[in-house]
Amino acid sequence: MTEALYLASDDLECTARVLSCRKTQEGLWAVVCDRTVFHPQGGGQPSDIGWINEVVVRKVIHTPEAIVHLCEAALGGEVSMAVDAKTRRLHSRLHSAGHIIGFVGDEYGWHATKGNHFPGESRVVFEPQNPEAIQLTEAEVLQSEVNALISQKLERRITEIDGLRYVTWGDLRAYPCGGTHVANTEEIGKVCISKIKMKKGQITVSYSLEP
Ligand SMILES: [Zn+2]
C-alpha cells in the first residue's frame, strides 16, 4: 500500500522510499513508493505529472495494491518527489468546477453520477431518476448560478464519515471524493458552460475554464 499524502495535504513535494521498480512493456519504469504526493488518474481526474529525483513521471495510476508512478528511468532507495504545480492547479480547478456544477444540477433534481475533468473535454453527467419530468435549463443560466457560487469565495471543507472522505466548500452539499481540490472556490475562476445535452435519459453538461 502507498500512503496517499495528497488526500490530507496540498503539499507538492515529499521524500519517500522506493518499494519496487520494474520495467513496463511500454519501456517506462513502474515505481511504487511507501508514500506519494502524486494524485493518480481516477474519479474523472487526470493524473499528476512531475519528477522523482530528476526522473520525469509521465503518469500515475492506481492499482488495488498501490499507487504506481510511470517513470522514464529506474529509481531506488530514498527519493524526492515533486509534482508539477501548474498541471496540478489546472486539474484541481477543473475538478472543483465539476463539483460545483454537480451541486447546482442536483439542486435542479438532475442527480450527478459521473464527471470527466480532463482539459478540453470536461463534462459532468447527470442521470435523473425521472428524465421525462426534467426541465432543462439554458447553459447561460446554469453558468451564472455556478459562477455566483464560486464568487462567494467559499472555503474548502473536508470531513471523514464512516471511512469516506467528503469534500465541499462552505455549506454546499458534500460529496465523497478522492480527488484534489482548490482551497477556496475563487481559485476556480470563471466557468464557461458550453453545452447542456439530454440524450437517452442522461444530461451532459460540458464546460471549460477561463485561463
Ligand atoms: Zn472531488
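Being a predicted model, the structure only gives us computed values, none of them experimental.

Asker: Give me the coordination of the zinc ion: which residues, what numbers.
Answerer: Taken together, the protein ligands of the zinc ion are His95 (NE2), His99 (NE2), Cys177 (SG) and His181 (NE2), with distances of 2.0 to 2.1 Å. Classification of the site at the zinc ion as tetrahedral follows from its four donor atoms and the range of 102 to 121 degrees in their angles at the metal. Along the chain, the residues donating to the zinc ion are arranged with the sequence spacing H-x3-H-x77-C-x3-H. With His95 and His99 both in helix α1 (residues 85–107) and four residues apart, the pair spans about one turn of that helix. On the accessibility criterion, His99 (11% relative accessible area) is buried.

Asker: I'd like a description of the sheet that holds strand β14 (residues 191–199), backed by residues and values.
Answerer: Taken together, four strands build an open sheet; the order of strands is β9-β10-β15-β14 and the sheet is antiparallel. Unpaired on one side and paired on the other, β9 (112–116) and β14 mark the two borders of the sheet. Taking each pair of neighbouring strands and ignoring which way they run, the sheet shows an average axis angle of 20 degrees. Of the strands in this sheet, β9, β10 (123–126), β14 and β15 (202–209) are in contact with α1, which crosses β15 at around 140 degrees. Of the strands in this sheet, β14 and β15 touch helix α2 (residues 139–150), which is tilted by about 135 degrees from β14.

Asker: Hey, could you go over the state of the cysteines for me, with residue numbers and the actual values?
Answerer: In this structure the tally under the stated criterion is zero disulfides. No disulfide involves Cys14; its nearest neighbouring cysteine sulfur is the one of Cys33, lying 8.0 Å away.

Rules behind the numbers
- Residues numbered from 1 in each chain as written.
- Predicted model: local features only at pLDDT ≥ 70, side-chain atom pairs only at ≥ 80, totals over all residues.
- Heavy atoms only, no water.
- Donors = N, O, S within 2.8 Å, 3.2 Å for Na, K, Ca; no water.
- Tetrahedral: all angles 85-135°; square planar, octahedral: opposite > 155°, others 65-115°.
- Helix = DSSP H or I, 4+ residues; strand = E, 2+ residues; numbered from the N terminus.
- Buried < 20%, exposed > 50% of the residue type's maximum accessible area, 1.4 Å probe, protein only.
- Pairing = 2+ DSSP bridges.
- Axes fitted to C-alpha atoms, helices over the stretch in contact; angles between N-to-C directions.
- Contact = heavy atoms within 4.5 Å.
- Disulfide = S-S within 2.5 Å.

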